[in-house]
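Breakdown of the fold
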Amino acid sequence: MKKKVIIIGGGFAGLTAAAELCSSGYQVTIVEQRGFLGGRAYSFIDKHGNIELDNGQHILMGCYENTFRFLKTIGALDNLYIQESLSVDFLDKNGDVYSLDCPDIPAPLHIASGILGFSALSLPDRFRMLKVSKDLLLNKTDRTLEDSSITEWLNRLGQGKESRDNFWGILSYAVMNEGPDSASAYLFKNVLRKAFFSSRKGSRIVLPALPLSRMYVDSAEDYINKHGGIIKKTALVSGLIIKNDNVSGIRLRDGEIIKGDFYISAVPYFALKRIIPEDIMISHYEYFGVTEKLKPSPIISIHMLFDRTITDCIFFALINSPVQWVFNKGLIYRDKAPAGLLSLVISGAHNYISWSSKDILDMSMKEIEGIFPGADSARLLYSKVIKERAATFSPQPGVERFRPSRETPIRNLFLAGDWTDTGIPATIEGAVISGYKTAELIKKEPF
Ligand SMILES: Cc1cc2nc3c(=O)[nH]c(=O)nc-3n(C[C@H](O)[C@H](O)[C@H](O)COP(=O)(O)OP(=O)(O)OC[C@H]3O[C@@H](n4cnc5c(N)ncnc54)[C@H](O)[C@@H]3O)c2cc1C
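1. Digging into unusual backbone geometry
In this structure, the amide linkage connecting Ala-107 to the following residue, Pro-108, adopts the cis form with an omega of 0°. Residue position: Pro-108 is located in the loop between strand E8 (97-101) and helix H3 (109-116).

2. Remarks on the environment of Pro-124
Here Pro-124 lies in helix H4 (residues 123-138). Taking the C-alpha atoms as reference points, Pro-124 and Ile-299, 175 residues apart in sequence, are found 34 Å from one another.

3. Here's the deal with the site of the ligand
Gly-9, Gly-11, Gly-39, Gly-56 and Thr-427 are the nearest of the 37 residues found near the ligand. When residues of the shell around the ligand are traced back to their parent elements, those giving at least two are helix H1 (12-22), helix H9 (269-275), strand E15 (296-306), strand E19 (380-393) and helix H15 (428-444). Class assignment of the residues belonging to the shell around the ligand gives a composition of 18 nonpolar, 13 polar and six charged. Formed jointly, the shell around the ligand draws a minimum of three residues from each of two domains, domain 1 (4-42 + 210-294 + 400-444) and domain 3 (296-393).

4. Topic: the domain arrangement of the chain
What the domain assignment lists for the chain is domain 1 (4-42 + 210-294 + 400-444), domain 2 (109-200) and domain 3 (296-393). Computed over C-alpha atoms only, the centres of domain 1 and domain 3 are separated by 32 Å. With 10 residues of domain 1 in contact, the opposing surface of domain 3 contributes seven residues. Per-class residue counts for the side of domain 1 that touches domain 3 are eight nonpolar, no polar and two charged.

5. Structural notes on the sheet that holds E15
Taking strand neighbours across the sheet as the criterion, the seven strands line up as E8-E7-E16-E17-E18-E15-E19 in an open arrangement whose pairing is mixed. Every interior strand has two partners, whereas the edge strands, E8 and E19, have only one. When strand polarity is set aside, the average angle formed by the axes of neighbouring strands in this sheet is 25°. Sheet topology places strand E16 (residues 315-318) next to strand E17 (residues 325-328); three bridges connect them, and they run antiparallel. In the sheet register, Ala-317 faces E17, and the bridge partner there is Trp-325.

6. Description of H15
Given a rise of 1.5 Å per residue, 17 residues ought to cover 24 Å, and the 25 Å separating the end C-alpha atoms of H15 matches this to within 8%. Taken across its 17 residues, H15 has 12 buried, putting it largely inside the fold. Residues of H15 that are buried sit in contact with strand E1 (4-8), H1, strand E5 (60-61), helix H2 (65-73), strand E14 (262-265) and strand E20 (413-415).

7. What to know about H4
Spacing of three or four residues puts side chains on the same side of an α-helix, whose turn is 3.6 residues. With 16 residues, H4 extends 23 Å between its outermost C-alpha atoms, agreeing within 8% with the 22 Å of an ideal straight helix rising 1.5 Å per residue. Every buried residue of H4 is listed here: Asp-125, Met-129 and Val-132. An end-on view of H4 places all buried positions within 45° of arc, on one side of the element. Opposite the packed face of H4, turned more than 90 degrees from it, sit the exposed residues Leu-123, Pro-124, Phe-127, Lys-134, Leu-137 and Leu-138.

8. Let's talk about the nonpolar core
General note: in soluble globular proteins, nonpolar side chains tend to be found buried as a group. The biggest cluster of nonpolar side chains holds 125 residues, and the ones touching the most others in it are Ile-7 and Ala-18. Counting residues per element, this core draws most heavily on H1, which supplies eight residues.

Calculation rules
Residues numbered from 1 in each chain as written. Predicted model: local features only at pLDDT ≥ 70, side-chain atom pairs only at ≥ 80, totals over all residues. Helix = DSSP H or I, 4+ residues; strand = E, 2+ residues; numbered from the N terminus. Near = placed C-beta within 6 Å. Nonpolar A, V, L, I, M, F, W, Y, C, P; charged D, E, K, R; others polar. Domains from an automatic or database assignment. Contact = placed C-beta atoms within 7 Å. Pairing = 2+ DSSP bridges. Axes fitted to C-alpha atoms, helices over the stretch in contact; angles between N-to-C directions. Expected span 1.5 Å × (residues − 1). Buried ≥ 20, exposed ≤ 12 C-beta atoms within 10 Å, placed from the backbone. Arc of directions from axis to C-beta. Core = buried A, V, L, I, M, F, W, Y, C linked by C-beta atoms within 7 Å.

Okay, structure coming up:
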């Protein structure tokens, strides 16, 4: 008889574990509280504008190997826009463009060459940036950095204010969802090494070429259904039933109890805290206490539809702006996206999350008009501000000590999710890594 695996949560982590286990002969059931899958990476049709939007722009990188494996398995690998080589335009308030263009030569020479040509920085600053490259190459597993912030690490490497403001800060918000003063140098270094030093292709920017739910959720759902998986939506798990350090079932809000042989929690840390019984939280606080220690970091997305295209840049970063990135969806999506649709991103948005949507929109509009003087004659037809208050956990210095392994003190309960100890910040790739690793653990259990 097939062993039954119950997976709580249908985001990237849960879907990856489900796809892997159902294709390996397990009877998988995904239990998802919402009426749709995708977790923190989904799209929807906004009725007011009749427009398909992501809950937030997601940026992948060429080094997201596990994500590509998952997308290939479910048949969604073609739904991506992939750069030829790493190339990012940085725009300042005057609309001046500074390009980081990395030529088609082996890593890490391509990055070194890109940095040397990056005219947003003075020549001495560019040379000083090479010191960071040297540190990344020579000091590989630097756990002493676990308690340092990115700023402290960059200061030690002689990085001046200009390079911190015009480059490192923007990169920190992009990959860590936190500013350099509050983010772990250890995790940042892990990402930089993986993204920029493993291969030239690994550092390319990869973007969903379709709205997220059509990019991967629909294919994942089809794949799991075809392999005999069961997907229960609008099924909120209200608690795990645990006796003698063994899960005997999960209880849904409507009272239904679902039983399996193995259970995977693929929900965020704050959601796990709600479903762990109090006595288990107390008796295994050393393990489950992490759910009280991690803190959230917000992302705000501002979608703006103009009556015409105001830039032919596919995407760009903004220097010295509260908005870090702008994505030109009309050029990125391969179907249906209206020309003139821009998605702006404010990561690590602690300072703006309590602002009204109108104030956020006004501020974003000013940024856009400042960069593209012609934009004030373009008519804004539609806009939507989406605040994700708990977009990721905040990767503060010291956070690695808290992130839990996938094996729990409960014999048949395993954890997946971007917040578990993946060695990288909360990302799609982290979620997918955790999904695969958890599935591997279950496959090792006696059948
Ligand atoms: C706006 C935004 C922008 C982002 N940008 C990027 C980016 O550019 N690049 C990148 O790599 N990553 C990005 N991320 C992070 C990325 O989305 C996450 O790391 C990833 O989606 C997490 O997947 P997960 O499966 O671990 O968790 P989730 O996606 O949170 O999935 C957990 C699921 O569990 C369900 N659930 C929770 N509690 C229960 C319960 N009690 N019962 C049943 N179901 C439950 C939830 O509804 C959810 O569907 C971004 C995130 C946001 C919000």
